[in-house]
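# Coordinate inspection notes
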There are 2 protein chains.
Amino acid sequence: MTKSNRSELPPEPDFQLITTALGIVSGKWRLYIILLLGEKTLRYRQLSEMLPGVSEKVLASELKSLVALGVLERTAYAEIPPRVEYSLTKKGHLALPILRKIQEIGQIFN
Amino acid sequence: MTKSNRSELPPEPDFQLITTALGIVSGKWRLYIILLLGEKTLRYRQLSEMLPGVSEKVLASELKSLVALGVLERTAYAEIPPRVEYSLTKKGHLALPILRKIQEIGQIFN
DNA sequence: CGGTATCCTCACAGATACTG
DNA sequence: CAGTATCTGTGAGGATACCG
């Protein structure tokens, strides 16, 4: 009774949900990558240039993980030279508003 | 011009904010600890029992870090046996709604 | 009760060189 | 251009024993 709770979170923290969520965002570059792709689709090289300091290996493996998690979508075009674009999936877009909000936490504690 | 943007986030991701935010939540038990204390003040032993699987050392060091970051408050009572209570600071309470929302990301990707 | 003090280990971030 | 392959180190996280 009381009222419907169709999309509300339980009042108590849920360890499973937290673990899943942290699996998405934890990693020095992940959140940044997702937020960049939340604005527009980008090519690998563009991402690499927008993230000075990240090594090729780390960027590639983070992208691969995020694709596997269903956050990002990878589109390869059969051209020469090769072109690969990364964008958010539907789920990624669903999560985007919350992911953006995480930056507000940074504002509070800066 | 346009409209006021007193508390809005910039459209582009801010690496500094993201880094600060991740420094708060990243860590296997941190978010869980914060959300538990978001509901009520708890003693060390209570936290320890609500987090089966966390070792004494890890719990103590996570609590210490969160206190240092300004998320938690530690109150020790000069009693025997000793009593120590942990609660959210003002900043912690400010961040709480966003921190709770992070669980929704888990719902999306489960 | 509320922690330290030690010791361990292994996953993962990073640098660099190379390839389809 | 868009990645792999390989090697390396660092530190978060953990197990256990002990202390004020």
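Numbering of residues starts from 1 in every chain and runs along the sequence as written. Chains carry letters from A onward and ligands carry numbers from 1 onward, assigned in written order. With pLDDT at 70 or above as the cut-off, local features in this predicted model cover only qualifying residues; side-chain atom pairs require 80 or more to be listed or tallied, and sums for whole chains, interfaces and linings still use all residues. Based on all heavy atoms of the structure, the side-chain values leave hydrogens and waters out of the count.

If you look chain A up in an unreviewed UniProt entry, it shows as Helix-turn-helix transcriptional regulator from Spirosoma agri.

Another point: the sheet that holds strand β1 (residues 42-43) of chain B. Residues and elements named next belong to chain B. Taking strand neighbours across the sheet as the criterion, the three strands line up as β1-β3-β2 in an open arrangement whose pairing is antiparallel. The open sheet terminates on both sides in strands that have one partner only, identified here as β1 and β2 (72-77). Where β2 lies against strand β3 (residues 83-88), six bridges are found, and the strand directions are antiparallel. Paired with Y77 across the strands is R83, a residue of β3. The strands touched by helix α2 (residues 30-39) within the sheet are β1, β2 and β3, with β3 carrying the most contacts at an inclination of about 95°. We treat two strands as partners when DSSP finds at least two bridges between them. Helix and strand assignments come from DSSP, with helices taken as H or I runs of at least 4 residues and strands as E runs of at least 2, each series counted from the N terminus. By the convention used here, residues are in contact when the closest approach between their heavy atoms is within 4.5 Å. The angle between two axes is taken between their N-to-C directions and runs from 0 to 180 degrees, where each axis is a line fitted to C-alpha atoms and a helix contributes only its stretch in contact.

Before going further, it helps to examine the sheet that holds strand β1 (residues 42-43) of chain A. Backbone hydrogen bonds are what pair the strands of a sheet, in a parallel or an antiparallel way. All names here are of chain A. Taking strand neighbours across the sheet as the criterion, the three strands line up as β1-β3-β2 in an open arrangement whose pairing is antiparallel. Both outer strands of the open sheet, β1 and β2 (72-77), are each paired with one neighbouring strand and no more. Two strands pair when backbone bridges link them, and β1 and strand β3 (residues 83-88) are joined in this way by two bridges, in the antiparallel orientation. When the sheet's bridge partners are listed, L42 is paired in β3 with Y86. Against the sheet, helix α2 (residues 30-39) contacts β1, β2 and β3, and its axis sits at roughly 95° relative to β3. Against the sheet, helix α4 (residues 56-68) makes contact with β2 and β3, and its axis sits at roughly 115° relative to β2, the strand it touches most.

With that settled, consider the UniProt feature "transmembrane region" (unreviewed entry) in chain A. UniProt positions are given in the numbering used here, feature names are shortened, and annotations may be inferred rather than shown by experiment. The positions UniProt marks with the feature "transmembrane region" (unreviewed entry) are residues 15-37 of chain A. Overall, residues 15-37 of chain A shows 83% helix and 0% strand. The separation of its end C-alpha atoms is 28 Å.

In this complex, chain A contributes 43 residues to the contact, which on the side of chain B involves 42 residues. Any carboxyl oxygen of Asp or Glu within 4 Å of a side-chain nitrogen of Lys or Arg constitutes a salt bridge here. At the boundary of chain A and chain B, one finds zero salt bridges. Pairs of N or O atoms within 3.5 Å make up the polar contacts considered here, provided that, within protein, one atom can donate a hydrogen while the other can accept it, and that residues adjacent in sequence are counted only when both atoms are side-chain atoms. Taken together, the links from chain A to chain B amount to six residue pairs in polar contact (both at pLDDT 80 or more). When residues in the side of chain A that touches chain B are grouped by element, the largest group, 16 residues, is from helix α5 (residues 90-109) of chain A.

On to the relation of the copies chain A and chain B, then. Overlaid copies result from least-squares superposition on C-alpha atoms, with residues included only where pLDDT is at least 70 in both. At an RMSD of 0.1 Å, chain A and chain B line up after a rotation of 180° and a shift of 0.0 Å along the axis. Classification of the inter-copy transformation places it as that of a two-fold axis. Residues of chain A ranked by C-alpha distance from the rotation axis are headed by S26 of chain A, positioned 3.1 Å from it. The fraction of interface residues of chain A whose copies in chain B are also interface residues reaches 98%, indicating that both copies meet through the same surface.

What follows covers the packing of aromatic side chains. Here a Phe, Tyr or Trp ring, Trp counted by its six-membered ring, pairs with any other such ring whose centre lies within 6.5 Å, and the pair is stacked when the planes are under 30 degrees apart, edge-to-face when over 60, and tilted otherwise. Overall, the coordinates contain four aromatic pairs over all chains when judged by the stated rule. Three or more aromatic residues link up through ring pairs in this structure, and these residues are F15 of chain A together with W29 and Y32 of chain B. Working rule: Lys NZ or Arg CZ, within 6 Å of ring centre, within 35 degrees of ring normal, means a charge sits over the ring. Directly above the ring of Y77 of chain A sits R83 of chain A, whose terminal nitrogen or CZ lies 3.9 Å from the centroid.

What makes a residue near a molecule or strand is one non-hydrogen atom of that residue sitting within 4 Å of it. Close contacts around DNA strand C come from 19 residues, with K28 and W29 of chain A together with K64, R74 and Y86 of chain B the closest. The sugar-phosphate portion of DNA strand C accounts for 56% of its atoms within 4 Å of the protein, the bases making up the rest. R45 of chain B has a polar backbone atom sitting 3.1 Å from a phosphate oxygen of DNA strand C. In this structure, a phosphate oxygen belonging to DNA strand C sits 3.1 Å away from a main-chain N or O atom of V84 of chain B. Sorting the residues of the surface near DNA strand C by element identifies α4 of chain A together with α3 (44-50), α4 (56-68) and β3 of chain B as the ones contributing at least two each. Top contributing element to the surface near DNA strand C by residue count: α4 of chain B, with four residues. Classifying every residue of the surface near DNA strand C gives nine nonpolar, one polar and nine charged. Each residue gets one label: Ala, Val, Leu, Ile, Met, Phe, Trp, Tyr, Cys and Pro are nonpolar, Asp, Glu, Lys and Arg are charged, and the others, such as Gly, are polar.

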